Amino acid sequence: MTSSPTPGLTRFNTLDDSAATAELHEVCASSAWGSKLLAQRPFTSAEALFAASDAAMAELTAADLEEAMAGHPPIGRPKPGDPTSAREQRGMAGASEELKAELLELNLAYQEKFGHVFLICATGATGEQMRDAVKVRIENDAEVEREIARGELVKINRIRLTRLVEGE
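Residues numbered from 1 in each chain as written. Predicted model: local features only at pLDDT ≥ 70, side-chain atom pairs only at ≥ 80, totals over all residues. Heavy atoms only, no water.

**A closer look at the overall build of the protein**
A tally of helices and strands in the protein yields nine helices and zero strands. Tracing the protein from N to C terminus, the helices and strands come up as α-α-α-α-α-α-α-α-α. The burial tally for the protein puts 43% of its 168 residues in the buried class. A fraction of 71% describes how many contacts in the protein between residues 6 or more apart in sequence connect residues 24 or more apart. (Helix = DSSP H or I, 4+ residues; strand = E, 2+ residues; numbered from the N terminus. Buried < 20%, exposed > 50% of the residue type's maximum accessible area, 1.4 Å probe, protein only. Contact = heavy atoms within 4.5 Å.)

**Brief notes about helix 7 (residues 97–114)**
Spanning 18 residues, helix 7 covers 25 Å between terminal C-alpha atoms, matching the ideal 26 Å at 1.5 Å per step. Contacts from the buried residues of helix 7 go to helix 8 (127–137) and helix 9 (142–166). Phi for glycine 115, located one or two positions after helix 7, is positive at around 80°. (Expected span 1.5 Å × (residues − 1).)

**Comments concerning the packing of aromatic side chains**
Taken as a whole and judged by the stated rule, the model has two aromatic pairs. With a centroid separation of 5.1 Å and 80° between ring planes, the pair formed by tyrosine 110 and phenylalanine 118 is classed as edge-to-face. Relative accessible area serves as the criterion here: at 0%, tyrosine 110 is assigned to the buried category. In this structure phenylalanine 118 comes out as buried when scored by relative accessible area, which is 1%. Among the aromatic side chains, those forming a connected cluster through ring pairs are Tyr110, Phe114 and Phe118. One cation-aromatic arrangement involves arginine 41 over phenylalanine 12; the distance from NZ or CZ to the ring centre is 5.5 Å. (Phe/Tyr/Trp six-rings, centres within 6.5 Å; stacked < 30°, edge-to-face > 60°. Lys NZ or Arg CZ within 6 Å of the ring centre and 35° of its normal.)

**Observations concerning the environment of glutamate 139**
With respect to the secondary-structure elements, glutamate 139 resides in the loop between helix 8 and helix 9. By relative accessible area, glutamate 139 is classed as exposed at 63%. In sequence terms glutamate 139 and tyrosine 110 are 29 residues apart; their C-alpha atoms lie 9.3 Å from each other.

**Some points on the nonpolar core**
Note that soluble globular proteins tend to have their nonpolar side chains buried in a common cluster. By size, the foremost hydrophobic cluster in this structure holds 29 residues, and its most contacted members are Phe12 and Trp33. If near-sequence neighbours (up to four positions away) are discounted, tryptophan 33 is found in contact with Leu24, Val27, Cys28, Ser53, Ala56, Met57, Leu60, Asn157 and Leu161. Ile75, Leu99, Phe118 and Ala125 belong to the second-largest nonpolar core, a separate cluster that totals 16 residues. (Core = buried A, V, L, I, M, F, W, Y, C linked by side-chain atoms within 4.5 Å.)

This is the structure we're talking about:
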């Protein structure tokens with residue numbers, strides 16, 4: 001079953017390319033991903049947009065993935081003035097100072113090993129769940145971890161695109 005365009009999707013479909021590019025960049029920092037979606041407008045439904053997003057993510061090169069990941073702050077340290085990351089990382093809000101310090105240390109070790117921020121779809125996850133995920137994933141090799149991060153980006157992009165298409 002395919003839904004009809006929501007007011008937010010209709011608005012997105014009718015934005016000029018510059019404004020649409022800016023909105024897509026807020027969803028995902030990969031310019032290649034954004035360009036692929038921009039070229040496919042107008043979308044007939046949220047499902048069509050999600051499918052295009054997933055397909056574009058699957059096609060990203062390692063360099064494109066690096067660009068996408070660079071747009072995400074470390075877990076537990078959302079950028080000041082970035083309500084999206086703060087909302088997504090809400091599970092860290094009540095974390096103890098000990099947990100925050102442990103996560104910072106793990107984030108730094110992860111970044112040292114892989115050369116990019118630890119990426120997880122943090123929406124709905126507790127600080128402990130995110131910490132445990134870093135502990136498991138830091139044991140991966142770079143190729144496995146890159147594909148896990150790609151999958152996490154797919155989830156994050158869907159959440160953010162849902163907010164975009166449901167907006168008025």
